[in-house]
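Coordinate analysis (summary)
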Amino acid sequence: MSPDEKRVAERVHVELPLHIGQEESVTRDVSRAGIYFLSEGLFAKGKMLKFSLTFDYTLPGEPIRLSCLGEVVRVEPHNEKFGIAAKIKDFKFIH
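Overview of the structure. (Residues numbered from 1 in each chain as written. Predicted model: local features only at pLDDT ≥ 70, side-chain atom pairs only at ≥ 80, totals over all residues. Heavy atoms only, no water.)

**Quick word on the overall build of the protein chain**
When helices and strands are counted, the protein chain shows zero helices and seven strands. Reading the protein chain from its N terminus to its C terminus gives the helix and strand order β-β-β-β-β-β-β. Relative to its full complement of 95 residues, the protein chain shows a buried share of 33%. Taking all contacts inside the protein chain whose residues are at least 6 apart in sequence as the whole, residues at least 24 apart take part in 41%. Only carbon and sulfur atoms are counted for the fraction: they give 53% of the accessible area of the protein chain, which is about 6,800 Å². (Helix = DSSP H or I, 4+ residues; strand = E, 2+ residues; numbered from the N terminus. Buried < 20%, exposed > 50% of the residue type's maximum accessible area, 1.4 Å probe, protein only. Contact = heavy atoms within 4.5 Å. Areas by Shrake-Rupley, 256 points an atom, 1.4 Å probe, with all protein chains shown as cover.)

Printed below as a string of structure tokens:
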């Protein structure tokens, strides 16, 4: 990890369904501390987000959904969308 690296948890490159407000998106990577996803909406750094993640491939075959509260820590242009990095502040399982 470089000295400039601020990440505190190992990330996994995985595409998980993400719902934030009315927008449906997909994660690019996830860690226990945060997520990165592409969005058509522009979110300001420091903005608090409510979003949910769905884990479809679990045992015994029932999807798991997490309701999360996060804070935008980075926003970057990505073609016609925006790359959003958010720190996960809190989460709970939804059944």
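Let's pick the thread back up.
**Description of unusual backbone geometry**
Even without a glycine there, the phi angle at asparagine 79 is positive, about 55 degrees. Topologically, asparagine 79 is positioned in the loop between β6 (64-78) and β7 (81-94). Taking the relative accessible area as the measure of exposure, asparagine 79 reaches 75% and is therefore exposed.

**Side note on the side chain of threonine 27**
Within the secondary structure, threonine 27 is located in strand β3 (residues 23-30). In this structure the side chain of threonine 27 is engaged in a polar contact, spanning 2.7 Å, whose partner is the backbone oxygen of valine 14. (Polar contact = N/O pair within 3.5 Å; in protein donor to acceptor, adjacent residues only side chain to side chain.)

**Quick word on the pairing of strand β2 (residues 17-20)**
Burial along β2 is one-sided: Leu18 and Ile20 are buried, and none of Pro17 and His19, which face the opposite way, are. The pairing of β2 with β3 spans four bridges and is classified as antiparallel. Considered in β3, the bridge of leucine 18 is made with serine 25. Here β2 hands over to β3 after two residues, with glycine 21 in that stretch at a positive phi of 65 degrees. Here β2 pairs with strand β5 (residues 48-55) via two bridges, running antiparallel. Within the sheet, the bridge partner assigned to histidine 19 lies in β5 and is serine 52. (Pairing = 2+ DSSP bridges.)

**A few points about the nonpolar core**
Residues Leu18, Ile20, Ile35, Phe37, Phe43, Leu49 and Phe51 are the most contacted members of the largest nonpolar core, which totals 16 residues. Apart from residues lying up to four places away in sequence, phenylalanine 51 is in contact with Leu18, His19, Ile20, Ile35, Leu66, Ser67, Cys68, Leu69, Gly70 and Ile88. (Core = buried A, V, L, I, M, F, W, Y, C linked by side-chain atoms within 4.5 Å.)

**Focus: the environment of proline 77**
Residue placement: proline 77 occurs in strand β6. Note on proline 77: relative accessible area 71%, which makes it exposed.

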